[in-house]
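Commentary on secondary and tertiary structure
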Amino acid sequence: MKTLTAIYFSVATMISFIFTYFFNLTMNNYEQYLALTAVVLLDGFFGIIAGIKREGFQTRKAIKVLYTLVVWIMFLTVLLSVEKGFAGTGWLSETVLLPFLVFQIISALKNASMSGFIKTAVLNDILDRIDNHKGDRT
């Protein structure tokens, strides 16, 4: 009986250590998690509204927003763990996640335009300013 109790205690200690590690990692970088969550949910919100206007509500597309959020939170967690574990890799999460965040924000702008929240002319002006090396849209 003592052996079984010791095994339970060891397993509980290991699980507690792992959860504490990820809790501290999350709390020390909560701004990145919050920004990632806000951008994905913003794009999902406007995407669902645009989808309702085009083809009606589809549950699988709404669930895809949550799937995307969970996957990118997992990526962020792994990247932050690597940054914490290896010196000189502090740039890793920014390099991987910033392009994703920019594309999600652009997607949110397009979805907001298709939903009727942003006028097409304003969207085109914003996109031209983002991608100004290609010249103006005419």
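Look up a bit, the structure's there.
Fair warning: this is a prediction, and the values are worked out from it, not measured in the lab.

1. A short note on a nonpolar patch on the surface
- The grouping of Ile7, Val11, Met14, Ile15, Phe17, Ile18, Phe19 and Phe22 at the surface amounts to a nonpolar patch, some 800 Å² of accessible area in total.
- Among the secondary structure elements, valine 11 is positioned in helix H1 (residues 2-28).
- Of the residues examined, valine 11 reaches a relative accessible area of 37% and is grouped as partly exposed.

2. Comments concerning the packing of aromatic side chains
- In the structure shown here, the tally under the stated rule is five aromatic pairs.
- Centroid distance phenylalanine 45 to phenylalanine 46: 5.2 Å. Interplanar angle 65°. Geometry classified as edge-to-face.
- Accessibility expressed as a relative area gives 47% for phenylalanine 45, which makes it partly exposed.
- Judged by relative accessible area, phenylalanine 46 falls into the buried class, the value being 14%.
- Relative to phenylalanine 100, the ring of tryptophan 72 has its centre 3.8 Å away and its plane inclined at 15°; by these criteria the two rings are stacked.

3. Some words on the pattern of salt bridges
- Scanning the entire structure with this criterion turns up two salt bridges.
- Between lysine 61 and glutamate 55 there is a salt bridge, and its shortest N-O distance comes to 2.5 Å.
- Assessed through its relative accessible area of 37%, lysine 61 is described here as partly exposed.
- Residue arginine 129 pairs with aspartate 125 through a salt bridge whose shortest N-O separation is 3.3 Å. With arginine 129 and aspartate 125 both in helix H5 (residues 120-130), this residue pair falls four residues apart, about one helical turn.
- Residue class for arginine 129 comes out exposed when judged on its relative accessible area of 62%.

What counts and what doesn't
Residues numbered from 1 in each chain as written. Predicted model: local features only at pLDDT ≥ 70, side-chain atom pairs only at ≥ 80, totals over all residues. Heavy atoms only, no water. Patch = residues over 30% accessible without salt bridge, like charges linked within 9 Å, V, L, I, M, F, W, Y side chains within 5 Å. Areas by Shrake-Rupley, 256 points an atom, 1.4 Å probe, with all protein chains shown as cover. Salt bridge = Lys/Arg side-chain N within 4 Å of Asp/Glu carboxyl O. Helix = DSSP H or I, 4+ residues; strand = E, 2+ residues; numbered from the N terminus. Buried < 20%, exposed > 50% of the residue type's maximum accessible area, 1.4 Å probe, protein only. Phe/Tyr/Trp six-rings, centres within 6.5 Å; stacked < 30°, edge-to-face > 60°.

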